[in-house]
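Breakdown of the fold
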Amino acid sequence: MTTPDLFATPPELARHLQQLRQTLHGHAHRYYVQDAPTVPDAEYDRLFQELQALEARYPELVTPDSPTQRVGGRALEQFAPVRHAVPMLSIRTETDTQASGAQNFDARIRRELGLTEMDEPVTYVAEPKFDGLAMSLRYEQGVLVQAATRGDGETGEDVTQNIRTIGQIPLKLPGAAPAVLEVRGEVYMRRDDFEALNERQRQKIAAGAKGERTFVNPRNAAAGAVRQLDPAIAAQRPLSFFAYGLGEVTHADARGPDFASHLDLLQTLKIWGFPISALIQRALGAIELVAYYESIGRARDSLGFDIDGVVYKVDSLALQRRLGFVSREPRWAVAHKFPAQEMLTTVLAIDVQVGRTGKLTPVAKLAPVFVGGVTVTHATLHNEDEARRKDVRVGDTVIVRRAGDVIPEVVSVVLPAALPQAVDDAPEALTGLALAATPSLGHGLPGIARGPVFTMPKTCPVCGSVALREEGEADYRCTGGLFCSAQRKQSILHFAQRRAVEVEGLGDKLVDQLVDGGIIHTLPDLYRLGLTALANLDRMADKSAQNILDALQKSRQTTLPRFLFGLGVRHVGEATAKALARHFGQLDAIMDASEDQLLEVADVGPIVAKSLRTFFDQPHNREVVEQLRACGVTWPEGPPAARTPTPLGGNTFVLTGTLPTLGREQAKALIEAAGGKVAGSVSKKTSYVVAGAEAGSKLDRARELGLTVLDEAALLALLQVPVASDAPGV
Ligand code: IVH
């Protein structure tokens, strides 16, 4: 044990520890007891680790009531306590979110088993780390008799009434099951169920219902439902369950559990009727653990439910027994976390950005923070109403969220009461130990007062034109049109992006210089650029200038959908551009089509039709098209679609679950390329539901409606149906 070297435990240190404990207690109470956390998990983890580190260094300052001395939450008094026959353990958490996290675990297991490099790789089972709450289900003589939360690991709460309402949990087991069987797993809420629940909650609140609230995330909603005192209300909260282990098991003939491996155990549980995640896999050695971590990490955002990492377990139960436990954690398992998707940071300023269509967006400029795997410095506040509803102001501490490729957003402001005291209160003795890892300890920045309530400027911050908010619209728009350099820049970037005509290397820095320097004014000017003009720009060598010219040359050969999308007509996204191109075959036909003719296109409604008409009725937009053509931008044109039927034309697909090989976007692209549409929810109008692993309520709904359900193989077969001989290849 270490003893303090320099200081005889300064009183400020004791005070700081007390402060940390109090803050953590407050967070734990809101998380476990009220099911309403106020800070991201990552913030709790950070404070907890700081406390752990300090207590390890000054063990004489550990107090029995310290949050480090207790696992999980406290049992709620309203529910009867349940003493777990076999304690519900926690697992060690590996927070290194690199491949090395998995390698460290494998190295540790090999060391503890006394294996050398000459020995075979260890067989593991890799599982998602479900973000719900742990549950122990007790069956006696094959009948569900009790369901208990984890509580502090020793004693949980009896929530049997509420758990019985979960359809996926068997109430009765087949005859082969042991006399006493405790199945452990995670109760969670699927994302679509969570969204639907929150939508219902919002409607209740809007209708004036008292005591109703929305939930911050699926885990918190699931926890709230499990600990609902009224089982009738719990029954309306759609919960799901995955089994991943066992508690007490006794056979009538006093045999012990007789599984050879963890996977064997899971397969048996599946036969007995428990849901087992299809994403659970056997993994051989560190190499396959790393591959699993990476592939699940990529799939994370397209799963139907939240996970916050993966769990590795030694597969052989004999080896598990040999490895045993350290304090309250098994040595044979580890939880390998993904980068946190929510973090705390400070608002440095609130800027207003001008988009391609003149839309003004308030954007919070943030103290840089690592979230969702990247460093984030800006987060959108969407619009004036949102910024005000969240009451985000300069100087505030906020939760930022970044999941997948979605742009980072400010979730909420964290009130000072939920935060530990400011940096300057921390004892000096801590500098370098804890503070190095604590970028934002206080509410806001020292010396920066909380700013005023946000209001949208009434003129464009870039060109000074009047900014208007139209009746019924959430957004303010700059009325400057192409007079506004911000709109011009955004239009150029939109045209040049990969999904449009693609001009490689033409990024925002370059466009800023070109527009601000008066070198280009309109889109066609891009194609009139010469080597000298480009090479004279800042940080532009001849070679890079030539690359841009080559990229421009390459972009002259494009396709009709890309060109049309690139023009940036409001409400015309990629899918609509494709549908228009397919229907009309030629740009002139689209430019001249009446609103009624436009409405004949499968993907086009009144708003899109009007927007297209407005756009092409403006002479300067037609002029841009003519000039681009004159500059050599071309695309193949064809006859209108009436004579080019597509195999899936008119069919609507809904994708659910994880397909074995195709990603969500890939499947969508294939369906669209074949003329089909992809919708987000199942209805009577859905033609096919494509279901993969872990498909959930959408699949249930499809079955209810008697719709055709396809797996990936069936979808691919459908996509390859021979097309009519005069149709183009898909
Ligand atoms: S195994 C002895 N497997 O993570 C090991 N836990 O601290 C017992 N969790 O509270 C747990 N997914 O709620 C295990 N595939 C998984 C899990 C998992 C999520 C949760 C569980 C527990 C915590 C571990």
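Thresholds, definitions, all that
Residues numbered from 1 in each chain as written. Predicted model: local features only at pLDDT ≥ 70, side-chain atom pairs only at ≥ 80, totals over all residues. Heavy atoms only, no water. Near = heavy atom within 4 Å. Polar contact = N/O pair within 3.5 Å; in protein donor to acceptor, adjacent residues only side chain to side chain. Helix = DSSP H or I, 4+ residues; strand = E, 2+ residues; numbered from the N terminus. Pairing = 2+ DSSP bridges. Axes fitted to C-alpha atoms, helices over the stretch in contact; angles between N-to-C directions. Core = buried A, V, L, I, M, F, W, Y, C linked by side-chain atoms within 4.5 Å. Buried < 20%, exposed > 50% of the residue type's maximum accessible area, 1.4 Å probe, protein only. Contact = heavy atoms within 4.5 Å. Parallel < 35°, antiparallel > 145°, perpendicular 65-115°, else oblique. Left-handed = near helix turned anticlockwise from the far one by under 90°. Nonpolar A, V, L, I, M, F, W, Y, C, P; charged D, E, K, R; others polar. Disulfide = S-S within 2.5 Å.

**Brief notes about the site of the ligand**
- Near the ligand, the surroundings consist of 14 residues, among which Ile91, Glu127, Glu186, Tyr244 and Lys313 are the closest.
- Between an oxygen atom of the ligand and a side-chain N or O atom of Glu186, the distance comes to 2.5 Å.
- By residue number, the principal contributor to the shell around the ligand is strand S3 (residues 123-130), which donates 4 residues.

**Some details on unusual backbone geometry**
- Here the phi dihedral of Gln141 falls at roughly 50°; this positive angle occurs in a residue that is not glycine.
- By the secondary structure assignment, Gln141 is in the loop between strand S4 (133-140) and strand S5 (143-149).
- Phi at Glu502 is positive, roughly 60°, even though this residue is not glycine.

**Points about the sheet that holds strand S2 (residues 92-94)**
- The strand order S2-S13-S10-S3-S9 describes an open sheet built from 5 strands, whose pairing is mixed. Two strands lie at the open edges of the sheet, namely S2 and strand S9 (281-284), each paired on one side alone. Along the sheet, successive strands turn relative to each other by an average axial angle of 35°, direction set aside.
- Pairing geometry for S3 and S9, over 4 bridges, is antiparallel. By the bridge assignment, Tyr124 is partnered in S9 with Ala283.

**Notes on the nonpolar core**
- Within the largest apolar cluster, 54 residues are counted, with the highest numbers of intra-cluster contacts made by Leu526, Phe563 and Leu580.
- Secondary-structure elements contributing two or more residues to this core are helix H12 (485-496), helix H13 (508-516), helix H15 (542-555), helix H16 (560-566), helix H17 (574-584), helix H18 (587-592), helix H20 (606-617) and helix H21 (619-630).
- If we skip the residues at most four places from it in the chain, Leu526 touches Ile492, Phe495, Leu506, Ile520 and Leu552.
- Listed in part, the 40 residues of the second largest apolar core include Val159, Val187, Met189 and Leu265.

**Comments concerning the side chain of Ser491**
- Within the fold, Ser491 resides in helix H12.
- Beyond its immediate stretch of four places on either side in the chain, Ser491 contacts Arg356 and Leu523.

**Quick look at the sheet that holds strand S22 (residues 677-679)**
- In space, the 4 strands of this open sheet follow the order S22-S21-S23-S24, with parallel pairing throughout. Only two strands of the sheet have a single partner each, and these edge strands are S22 and strand S24 (708-710). Along the sheet, successive strands turn relative to each other by an average axial angle of 35°, direction set aside.
- For strand S21 (residues 652-656) and S22, the ladder comprises 3 bridges, and the chain directions are parallel.

**Here's the deal with the packing of helix H3 (residues 100-112) against helix H9 (residues 285-299)**
- Direction vectors running N to C along H3 and H9 enclose 150°, while the axes themselves pass 9 Å from each other. Of the possible angle classes, the one that applies to H3 and H9 is roughly antiparallel. As H3 runs across H9, the sense of the crossing is right-handed. Mapping the contact onto sequence places Ala102, Gln103, Phe105 and Asp106 in H3 and Gly285, Ala286, Leu289 and Val290 in H9.
- Its residues placed into classes, the contact of H3 with H9 shows 5 nonpolar, 2 polar and 1 charged.

**With respect to the state of the cysteines**
- Scanning all chains against the criterion turns up 0 disulfides.
- Not part of a disulfide, Cys478 finds its nearest cysteine sulfur in Cys463, a span of 3.6 Å.

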